[in-house]
Amino acid sequence: MSQKILLDKINIPGIKTYEVYRKNGGYASVEKAIKTLTPDEVVEEVKKSGLRGRGGAGFPAGMKWSFIDKKSGKPRHLVCNADESEPGTFKDRYLMEFIPHLLIEGMITSSFALGANLSYIYIRGEYMWVYKILERAIAEAKAAGFLGKNILGSGYDLELYVHCGAGAYICGEETALIESLEGKRGNPRIKPPFPAVSGLWANPTVVNNVETIATVPWIINNSGDDYAKIGIGRSTGTKLISASGHVKNPGVYEIELGLSVDEFMNSDEYLGGMSSSRPLKAFVPGGSSVPILPAELIFKTANGEDRLMSYESLSDGGFATGSMLGSGGFIVYNDTACIVRNTWNFARFYHHESCGQCTPCREGTGWLEKILWRIENGQGREEDIELLWSIQSKIEGNTICPLGDAASWPVAAAIRHFRDEFEYHVRFPEKIKNREHFVAEPFSQVKHLVGGKVIV
Amino acid sequence: MKVTIDGQSIDVEPGTTILQAARMIGGDLVPPAMCYYSKLKGSGGKCRCCLVEVSKGSEADPRPMPKLMASCVTGCMDGMEVNSKSSDRVTEARKSVTEFLLINHPLDCPICDQAGECDLQNLSFEHGNPKSRFIEEKRTFEPEDIGPHIQLHMNRCILCQRCVQVADQLTDDRVHGVLDRGDHANISTYISKAIDNEFSGNMIDVCPVGALTDKTFRFKSRVWFNKPYNAHRECTTPGCCGKTTVWMFGGEIQRVTGRKDEYHEVEEFICNSCRFDHKNVADWTIEGPREFEKDSVINQNNYTRKLEKVEIATEKTILMGRDEDRKKISMAEIPLNNNDKNS
Amino acid sequence: MERTHYKQEINMTEALMNRINELISHYPEDKRKSALLPVLHEVQDAHDNWLSIELQDKVAEILHIKPIEVYEVVTFYTMYNQKPIGKYMFEFCQTSCCCLNGAENLMDYTADKLGIKMGETTPDGMFSIAGVECLGACGYAPMMQLGDFYKEKLTEDKIDQLIADCRDDKIILHDK
């Protein structure tokens, strides 16, 4: 049983309410920070903890905080990124829905550290009921004196509001989120300047994921060093993993980083193995945009080491034989799943979610989707596989924001590891007419019909 | 600050972008730019045509930048070294962007009024592939009437957003903008509304392609049959310089535009009255012929460049069919004759 | 792009205006535009879940911005409807994780059951169905959004029940 930091109190009845949350030690970090620490000391603890941004990129949170421009004298803002929309990821919603005060507490402590007096939680519009939960929680916290003017008699003021989006994956990108918060289209900004210098209304701004901010209270209540003891190497602490697909127990789990993928996947404490007798075919460890890996690279790395749930181990081998921890969206596929169809589905997602601002992403994502749709529907040509490879390589790295990369990587990984499945679709269109073509006849049974070269 | 682009160094002021520095040096190393416009605030960064490789970040931090950078929005640092035309990676990226810009473009140059002075044509000439790899159906938009002066062809648009910036920065009531998103993002007024403002005509001049053209010049002439002259008049519109280029066919003024420099940017913006309402020679003081860059079609007035003889690769074996094609037609092995083996 | 012009009765009630003013108060005084997204949600909820041009113009007036600034935003985000839709909008998640657990078949089932195709509205104006992209409920698939709430781990039986409940007016759409 590994240590729980975020979800340890989630099963206490009534923890959603201020009274119960407070009785169980809630808001202690606000008291400790405001009464006994300076803002810089709070930042220092977070730096020591080694906490990395939990939204996907894994950038050290304390370092991000230290970049905020305090010299300009402009008002500063903390914005919580609750625009969770990466396919396969639903952890932030779980946290906000069932223990909303943990996020509010984290927002207050973190805002204090940054010297922000006006902070926002940007939540995706589809989570409307969670928006209401947070609004009520904020009202409770304010009534209890943890928000508003002169918090706990310290002279520190903070207003916190929830802002809702309206259906746009791209607003999870921090500068698009800021644009959206300003009442505009969610077009990512050109960087530099970075938000730490010029963010919300051109003021210095830090944008952090829900899980990142919700971790701050524990770090302050204990210490950065205590947090750094949990986990493995540079992957400190715990991580929420959202598990979905063909597993026995899908849902949200808090794990200590460094847990083996095998244990996470197969022990009854976590996913409990596959949902049926159909064997494991592939998995995506960190949300739709990270590379998919075939069964043989899941539990062991290419070097034969145990694959662990950590930033380093999941990316071991680079994109050739590894993937990424990303946002912790753990998607599992059994042998009824069609990788081509899955890749098309993700390509459609990115096509739909491209903001349309820059050329490679606007034009390229649609092209990828169209070709994949043709292949999946028996209209593919041999040369389409090379074409897909070429297009994704032309999008990657050439766009304003990482959505271009996110659209390219799943396509590249699918071709890299499952090229024969693409060839099968091209050569045997009559066999893939039914959209559930691998249910009756999984690919392993027809694999001998094709065999292609491998691109790495 | 010293910056070196393709081996050529120049001293620039802090705040200068790589593209601006390249334009100061001039010549082949200047990256193409489809969305950046020096006279419009906030322009640039979107089309990705001007990507360059920064092989040395600065004297203080000499690490190369891992990704290609949009030169129009990346500031120079002291000691920075940049590869533009000299880098294969850059050439490859520009080819990619050109391909992306063209896949959904209608390629209707023969009936497009912009042909001959179109940035996308120039870009394709330099970086385009004569053969398209795109076999899907092209995206199209419903036509929208945006008033008596300006013709909107959304299918040709590359979403540089310059016209939106013109409306924001030159006029006080913007009625058009970018609507929808992704590859269906489009320039529109939402509900067909006339864009009517004394400076709206500048949207035509800043448009790098044929998406916004002059309705009063529509289908009148190919631009290379016109002779451009610098001209001016005493314009009473506040904010208008009255300095234009008039495009003549014989003794007739067929079109009036701003004066464009070698990067196709107007020197100064002009009002709609000058542009649309003054087509009589008597309205203008003609200063003399306007010079254009040497490669411009307009300057040459005809295609005089020598073309090399093109040999079509399939000619030799056209009766036999190509090896690879034949294999696709039938799964059975067809015995090869000597001719095939040699080809 | 030419757009169809639909008529809508505008009713900015006192309760709605109070809520709008409260939302505007969440932002600095000179940043009224920032309230645009939340305000549009409120206005749409109070107007049969869609926004006519006139309604968008009204929002522009309230926030002291140009109408085009509202149009730009409304057309960018998927949750704003620009034409009348059914009272009950079934929005199925159709992204891969849901499809692994039968979302596509369930969408077909629902469409057949209601006698309409994806993206359409029943002639009585009661139901609309649509496939949307990932709603962040991948572990509880297949699922749909109905009003402010999610309906998760759906089955054909649950769909039948849901349709019956909608017809009986037993479904709460908004959490006010």
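From a predicted model like this one, the values you see are computed outputs, not experimental measurements.

Student: Give me the lowdown on the overall build of chain C, citing residues and values where you can.
Tutor: Summing up its helical and strand segments, chain C has seven helices and four strands in all. In sequence order, chain C lays out its α and β elements as α-α-α-α-β-α-α-β-β-β-α. Taken over the C-alpha trace, chain C has a radius of gyration of 18 Å; the compact-globule value for 176 residues is 16 Å, and the two agree within 12%. Looking at chain C residue by residue over its 176 residues, the buried ones come to 44%. Of all intrachain contacts in chain C linking residues separated by at least 6 positions in sequence, the fraction that spans at least 24 positions is 60%.

Student: An account of the pairing of strand S3 (residues 51-56) of chain B is requested, with residue identities and associated values reported.
Tutor: Taken residue by residue, a regular strand's side chains alternate between the two faces of the sheet. Residue and element names in this part refer to chain B. Examined bridge by bridge, S3 and strand S4 (residues 69-70) share two bridges and lie antiparallel to one another. Looking at the pairing, Val52 lines up with Met69 of S4. Strand direction decides the pairing type here: S3 and strand S5 (residues 80-83), joined by three bridges, are antiparallel. Opposite Lys56, over in S5, you have Glu81 as the bridge partner.

Student: Account for the sheet that holds strand S2 (residues 127-132) of chain C, naming residues and giving values.
Tutor: All names here are of chain C. Ordered in space as S2-S1-S3-S4, the four strands form an open sheet in which the pairing is mixed. Two strands bound the open sheet, and with one partner strand each, they are S2 and strand S4 (149-151). Put simply, the sheet's adjacent strands are angled 30° from each other on average, direction ignored. Pairing of strand S3 (residues 144-146) with S4 involves three bridges; the strand directions are antiparallel. By the bridge assignment for S4, Met144 is matched with Lys151.

Student: So what's going on with the interface of chain B and chain A? Which residues, and what values?
Tutor: Taken together, the contact between chain B and chain A spans 23 residues of the former and 21 residues of the latter. Examining the composition of the side of chain B that touches chain A, we find that six residues originate from one element, helix H2 (residues 88-103) of chain B, more than from any other. Here the side of chain B that touches chain A is composed, by residue class, of twelve nonpolar, four polar and seven charged.

Student: Lay out the interface of chain C and chain A with the relevant residues and their values.
Tutor: Across the contact, 35 residues belong to chain C and 47 residues belong to chain A. Secondary structure elements with two or more residues in the side of chain C that touches chain A: helix H2 (36-45), helix H4 (67-76) and helix H5 (96-99) of chain C. The element that contributes the greatest number of residues to the side of chain C that touches chain A is H2 of chain C, accounting for five residues. Residues belonging to the side of chain C that touches chain A are distributed by class as follows: 19 nonpolar, nine polar and seven charged.

Student: Now, about the packing of helix H5 (residues 91-98) of chain A against helix H7 (residues 128-143) of chain A: what can you tell me, with residues and values included?
Tutor: All names here are of chain A. Between H5 and H7, whose axes approach to 9 Å, the crossing angle comes to 40°. Viewed along their axes, H5 and H7 adopt a mutual orientation that is oblique. Like other packed secondary-structure pairs, H5 and H7 cross with a definite hand, here left-handed. Along the contact surface, H5 presents Arg93, Met96 and Glu97, while H7 presents Val130, Ile133 and Leu134. Its residues assigned to classes, the contact of H5 with H7 shows four nonpolar, no polar and two charged.

Student: So, the domain arrangement of chain C: which residues are in play, and what are the values?
Tutor: The extent of an interface is frequently quoted as the accessible surface area lost upon association of the parts. For chain C, the assigned domains read domain 1 (14-76) and domain 2 (88-167). Just the C-alpha atoms count here: the centres of domain 1 of chain C and domain 2 of chain C sit 29 Å apart.

Student: Could you give an account of the sheet that holds strand S2 (residues 118-123) of chain A, with specific residues and numbers?
Tutor: Residue and element names in this part refer to chain A. One open sheet accounts for four strands, arranged S3-S2-S1-S4; its pairing is parallel. This sheet does not close on itself; its edge strands, each paired only once, are strand S3 (159-164) and strand S4 (205-209). Each adjacent strand pair in this sheet contributes to an overall mean axis angle of 20°, direction not counted. Sheet topology places S2 next to S3; six bridges connect them, and they run parallel. Across the sheet, Ser119 pairs through a bridge with Leu160, a residue of S3.

Student: Provide a residue-level description of the confidence of the model for chain C, including the pertinent values.
Tutor: Mean pLDDT over chain C stands at 95; residues scoring 70 or higher make up 99%. Two summary scores accompany this predicted model of the complex, namely pTM at 0.93 and ipTM at 0.96.

Student: Which residues make up the domain arrangement of chain B, and what values go with them?
Tutor: Residue and element names in this part refer to chain B. On domain assignment, one finds that chain B holds domain 1 (2-95), domain 2 (150-300) and domain 3 (308-343). Measuring from the centre of the C-alpha atoms in domain 1 to the corresponding centre in domain 2 gives 28 Å. Across the contact, twelve residues belong to domain 1 and eleven residues belong to domain 2. Partitioning the side of domain 1 that touches domain 2 into residue classes produces five nonpolar, three polar and four charged.

Student: I'd like a description of the UniProt feature "binding site: [2Fe-2S] cluster" (unreviewed entry) in chain C, backed by residues and values.
Tutor: Residues and elements named next belong to chain C. The sites that carry the UniProt feature "binding site: [2Fe-2S] cluster" (unreviewed entry) are, in the present numbering, Cys93, Cys98, Cys134 and Cys138. Across 46 residues of sequence, these annotated residues stay compact in space, with a maximum C-alpha separation of 8.9 Å. Inspection of the secondary structure puts Cys98 in helix H5. Residue Cys98 is classed as buried on the basis of its 29 C-beta neighbours within 10 Å. For Cys98, the contacting residues outside a window of four places in its chain are Cys93, Ala103, Cys138, Ala141, Pro142 and Met143. When you line up the elements, Cys134 lands in the loop between S2 and S3. The class of Cys134 is buried, set by 28 C-beta atoms lying within 10 Å.

Rules behind the numbers
Residues numbered from 1 in each chain as written. Chains lettered and ligands numbered in written order. Predicted model: local features only at pLDDT ≥ 70, side-chain atom pairs only at ≥ 80, totals over all residues. Helix = DSSP H or I, 4+ residues; strand = E, 2+ residues; numbered from the N terminus. Rg over C-alpha atoms; globule rule 2.2 N^0.38 Å. Buried ≥ 20, exposed ≤ 12 C-beta atoms within 10 Å, placed from the backbone. Contact = placed C-beta atoms within 7 Å. Pairing = 2+ DSSP bridges. Axes fitted to C-alpha atoms, helices over the stretch in contact; angles between N-to-C directions. Nonpolar A, V, L, I, M, F, W, Y, C, P; charged D, E, K, R; others polar. Parallel < 35°, antiparallel > 145°, perpendicular 65-115°, else oblique. Left-handed = near helix turned anticlockwise from the far one by under 90°. Domains from an automatic or database assignment. pLDDT = per-residue confidence, 0-100. UniProt positions renumbered as here; feature names shortened; annotations may be inferred.

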